[in-house]
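Listed below, chain by chain, are the residues.
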Number of protein chains: 2
Amino acid sequence: MENLLKNKNIRVTPFRMDVLRVFNSFENAISLSQIEEKLGSFDRITLYRTLKSFQENGLIHEIVMPGDIKKYAMCEEKCGHKEHNHQHEHIHFHCKKCSEVYCLDIPALPNFHFTNYTIENVEIQVKGICEKCQK
Amino acid sequence: MENLLKNKNIRVTPFRMDVLRVFNSFENAISLSQIEEKLGSFDRITLYRTLKSFQENGLIHEIVMPGDIKKYAMCEEKCGHKEHNHQHEHIHFHCKKCSEVYCLDIPALPNFHFTNYTIENVEIQVKGICEKCQK
DNA sequence: TATAATTATGCAACAATGTTGCAATAAATA
DNA sequence: TATTTATTGCAACATTGTTGCATAATTATA
Ligand SMILES: [Mn+2]
Ligand SMILES: [Mn+2]
Ligand SMILES: [Zn+2]
Ligand SMILES: [Zn+2]
């Protein structure tokens with residue numbers, strides 16, 4: 001599992017491995033407080049810097065939704081290092097009942113075109129009721 | 001312009017009119033700090049509560065993007081009061097050069113379908129270079 | 001228009017979230 | 001193993017957001 005870090009050029013440290021294990025222990029996207037709960041005792045600042053470094057190196061991506069919802073999820077293997085954009089062929093589905101955020105694969109991203117606007121990146125967020133929460 | 005408030009069942013007060021005028025003085029979506037700058041002197045807590053009430057009553061909507069970007073923009077006339085969802089037939093375009101966030105009308109929302117997931121609301125965020133920033 | 005009911009405001013106090021600088025420490029490289 | 005380079009942990013600070021409460025203003029009612 002160290003290789004997950006090495007492959008993205010992230011130095012391997014005990015704390016980073018701890019954080020990585022937290023991600024692997026969840027199915028879906030997780031919030032800062034979920035990470036903190038799992039970690040037990042830890043340094044808050046180091047955690048912020050760890051998440052930032054994971055993002056910058058394409059190991060995780062950030063998901064934000066209206067209503068101060070912020071979560072993190074693991075990226076794909078192929079996901080870009082450093083300044084390259086994360087390019088995910090999936091949408092983010094937020095369930096209103098259980099509050100889980102799912103990364104759902106979609107066959108093809110819809111193709112927008114706006115005259116005179118250059119499109120580099122499309123993010124799609126969907127709200128509704130998830131599979132498990134259907135009555 | 002008072003009617004913009006009355007139509008959405010928002011009590012008219014001098015401060016709320018001030019905030020409304022700030023929105024009308026900008027073309028695109030605006031940030032909290034942009035509002036604060038325009039207001040001059042004001043009570044921070046009242047502003048938070050004003051924005052919350054504007055949102056709850058369908059006068060403005062909140063736009064969030066990865067990287068701690070949070071902006072506000074006016075809704076359409078038709079936009080839902082209270083607990084009804086804001087339903088906007090537009091996307092949010094964030095320009096990497098000038099950092100403006102545009103609400104851009106699109107002819108039709110793409111139609112997603114995920115087996116066993118009930119979709120209630122779709123938000124689309126696009127990053128790129130805007131019209132005005134093209135070389 | 002005067003009165004009552006309802007909601008908004010302003011202030012204090014607090015909570016949550018995020019950033020920077022720096023010395024000590026640990027990881028990777030040679 | 002020695003050197004280079006990046007990470008950690010701590011303090012201090014900045015930004016963002018919330019709650020309670022007394023006072024003031026707005027709206028509804030008579
Ligand atoms: Mn995702
Ligand atoms: Mn909009
Ligand atoms: Zn659910
Ligand atoms: Zn631009």
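Here goes a summary of the coordinates provided. Values in this document were obtained by computation on a predicted structure and should not be read as measured data.

## Remarks on the relation of the copies chain B and chain A
Expressed as a screw transformation, the operator carrying chain B onto chain A has a rotation angle of 180° and an axial translation of 0.0 Å, and the superposed copies differ by an RMSD of 0.0 Å. Such values leave the two copies arranged in the relation of a two-fold axis. Residue isoleucine 124 of chain B of chain B places its C-alpha closer to the rotation axis than any other residue of that unit, at 2.3 Å. Here 100% of the interface residues in chain B have copies in chain A that are interface residues too; the copies meet face to matching face.

## Notes on the packing of helix α3 (residues 32–39) of chain B against helix α4 (residues 44–56) of chain B
Relative orientation and spacing of two packed helices are given, respectively, by the angle between their axes and the distance between those axes. Residue and element names in this part refer to chain B. Where α3 meets α4, the closest approach of the two axes is 12 Å, and the angle between their N-to-C directions is 125°. When the interaxial angle is binned, α3 and α4 end up oblique. Along this stretch, α3 crosses α4, giving a crossing that reads as right-handed. Contact residues: Leu32, Ile35, Glu36 and Leu39 in α3; Arg44, Leu47, Tyr48 and Leu51 in α4. The residue makeup of the contact of α3 with α4, split by class, is 6 nonpolar, no polar and 2 charged.

## Quick word on the coordination of the zinc ion (ligand 3)
All names here are of chain A. Distances from the zinc ion (ligand 3) to its protein donors, Cys95 (SG), Cys98 (SG), Cys130 (SG) and Cys133 (SG), fall within 2.2 to 2.4 Å. Here the zinc ion (ligand 3) is ringed by 4 donor atoms whose angles at the metal span 102 to 115°, and the overall shape comes out tetrahedral. Summarised as a motif, the one-chain spacing of the donors to the zinc ion (ligand 3) is C-x2-C-x31-C-x2-C. Of the two residues, cysteine 98 is situated in the loop between β3 (90–95) and β4 (101–105) and cysteine 133 in the segment after β5 (118–129); the sequence distance between them amounts to 35 residues. By relative accessible area, cysteine 133 is classed as buried at 17%.

## Here we look at the coordination of the zinc ion (ligand 4)
All names here are of chain B. Around the zinc ion (ligand 4), the protein supplies Cys95 (SG), Cys98 (SG), Cys130 (SG) and Cys133 (SG) as donor atoms, at distances of 2.2 to 2.4 Å. Counting gaps between the donor residues of the zinc ion (ligand 4) yields the pattern C-x2-C-x31-C-x2-C. Placement of cysteine 95 in strand β3 (residues 90–95) and of cysteine 130 in the segment after β5 (118–129) is noted, with a sequence separation of 35 residues between them. Of the two residues, cysteine 95 and cysteine 130, both sit in the buried class.

## Considering the protein's contact with DNA strand C
In the vicinity of DNA strand C, 20 residues are found, and the nearest of them are Arg44, Tyr48 and Lys70 of chain A together with Arg16 and Arg49 of chain B. Among all atoms of DNA strand C positioned within 4 Å of the protein, those belonging to sugar or phosphate total 63%. Within the side chain of arginine 44 of chain A, an N or O atom sits 2.9 Å from a base oxygen of DNA strand C. Among the secondary structure elements, those contributing two or more residues to the surface near DNA strand C are α4 (44–56) of chain A together with α2 (14–24) and α4 of chain B. For the surface near DNA strand C, the class distribution of residues is 7 nonpolar, 3 polar and 10 charged.

Reading the values: the criteria
- Residues numbered from 1 in each chain as written.
- Chains lettered and ligands numbered in written order.
- Predicted model: local features only at pLDDT ≥ 70, side-chain atom pairs only at ≥ 80, totals over all residues.
- Heavy atoms only, no water.
- Least-squares fit on C-alpha atoms with pLDDT ≥ 70 in both.
- Contact = heavy atoms within 4.5 Å.
- Axes fitted to C-alpha atoms, helices over the stretch in contact; angles between N-to-C directions.
- Helix = DSSP H or I, 4+ residues; strand = E, 2+ residues; numbered from the N terminus.
- Parallel < 35°, antiparallel > 145°, perpendicular 65-115°, else oblique.
- Left-handed = near helix turned anticlockwise from the far one by under 90°.
- Nonpolar A, V, L, I, M, F, W, Y, C, P; charged D, E, K, R; others polar.
- Donors = N, O, S within 2.8 Å, 3.2 Å for Na, K, Ca; no water.
- Tetrahedral: all angles 85-135°; square planar, octahedral: opposite > 155°, others 65-115°.
- Buried < 20%, exposed > 50% of the residue type's maximum accessible area, 1.4 Å probe, protein only.
- Near = heavy atom within 4 Å.
- Polar contact = N/O pair within 3.5 Å; in protein donor to acceptor, adjacent residues only side chain to side chain.

So, to be careful, I would describe these as geometric facts and stop short of saying anything about function.
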